[in-house]
Amino acid sequence: MAMNIRYTAKRDIYATHSVGTIYTTGVIFTSLERTNVVDRVDARALSGSLYSTYRDLRATWKMSTVGLSGIYVLLFREFTSSVIGGEPFELDIGDGNGYKQMQLTNKKFKEKRTVMRGGGGNDDDFVFSWTCREKR
């Protein structure tokens with residue numbers, strides 16, 4: 001199932017795109033893992049009762065795309081370059097909840113290249129992976 005990423009182009013602009021324009025690109029993920037973490041402080045009263053205070057709930061995502069090739073690699077490099085500095089982007093995972101605002105957690109993307117012999121590099125597959133968090 002294709003999901004959508006919406007971002008503002010800032011760097012490594014694709015040939016027909018322009019800086020400052022919002023673009024939406026479809027992407028298929030091979031891995032999409034959500035982790036919820038909460039900052040909780042527990043205090044035990046003299047009576048033995050436990051009281052908890054919740055400070056922050058964070059949802060982080062680890063994701064990897066299917067193998068991309070051709071112009072899709074160039075478009076995805078535009079996306080990655082445009083958000084790598086911590087700029088927000090939006091992700092719609094197709095769950096009916098619409099777009100969620102996201103931000104990279106570690107300011108890096110991994111790009112893994114699988115060489116396909118005989119195509120002179122034009123048919124090579126590129127898998128992009130990263131970790132991001134939901135902005136609240």
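So, here is what we can say about the structure in this document. Everything numeric here is computed off the predicted structure, so don't read it as measured data. (Residues numbered from 1 in each chain as written. Predicted model: local features only at pLDDT ≥ 70, side-chain atom pairs only at ≥ 80, totals over all residues. Heavy atoms only, no water.)

1. Examining helix H1 (residues 71–83)
Working step 1: Between its terminal C-alpha atoms H1 stretches 19 Å, which fits the 18 Å expected from 13 residues at 1.5 Å a residue.
Working step 2: Among the residues making up H1, those that are buried are Val-73, Leu-75, Phe-76, Glu-78, Phe-79, Thr-80, Ser-81, Ser-82 and Val-83.
Working step 3: Residues of H1 that are buried make contact with strand S1 (3–8), strand S2 (22–27), strand S4 (50–65), strand S5 (89–92), strand S6 (100–104) and strand S8 (125–134). (Helix = DSSP H or I, 4+ residues; strand = E, 2+ residues; numbered from the N terminus. Expected span 1.5 Å × (residues − 1). Buried < 20%, exposed > 50% of the residue type's maximum accessible area, 1.4 Å probe, protein only. Contact = heavy atoms within 4.5 Å.)

2. Overview of the layout of surface pockets
Working step 1: In this model, the largest pocket occupies a volume close to 170 Å³.
Working step 2: Lining the largest pocket, in full, are Ser-31, Lys-62, Met-63, Ser-64, Asn-106, Lys-108, Phe-109, Lys-110, Ser-129, Trp-130 and Thr-131.
Working step 3: Here the residues of the lining of the largest pocket are counted per class, giving three nonpolar, five polar and three charged. (1 Å grid on protein atoms, 1.4 Å probe; cavity = no way out; pocket = protein on both sides within 12 Å on 5 of 7 lines; lining within 4 Å. Points joined across faces, edges and corners; volume = space filled by probe spheres on them. Nonpolar A, V, L, I, M, F, W, Y, C, P; charged D, E, K, R; others polar.)

3. A short note on the side chain of Asp-92
Working step 1: Residue position: Asp-92 is located in strand S5.
Working step 2: Among the polar contacts listed, one links the side chain of Asp-92 to the backbone nitrogen of Gly-94, at a separation of 2.9 Å.
Working step 3: Those residues within four positions of Asp-92 in sequence are excluded, and the remaining contacts are Met-3, Asn-4, Gly-98 and Tyr-99. (Polar contact = N/O pair within 3.5 Å; in protein donor to acceptor, adjacent residues only side chain to side chain.)

4. Quick look at the nonpolar core
Nonpolar side chains in soluble globular proteins tend to end up buried together.
Working step 1: One finds Ile-5, Phe-79, Phe-89 and Trp-130 to be the most contacted residues of the largest nonpolar core, which totals 24 residues.
Working step 2: Mapped onto this core, the elements with two or more residues apiece are S1, S2, S4, H1, S5, S6 and S8.
Working step 3: Leave out the neighbours within four places in its chain, and Phe-89 touches Ile-5, Arg-6, Tyr-7, Phe-79, Val-83, Lys-100, Gln-101, Met-102, Gln-103, Leu-104, Trp-130 and Cys-132. (Core = buried A, V, L, I, M, F, W, Y, C linked by side-chain atoms within 4.5 Å.)

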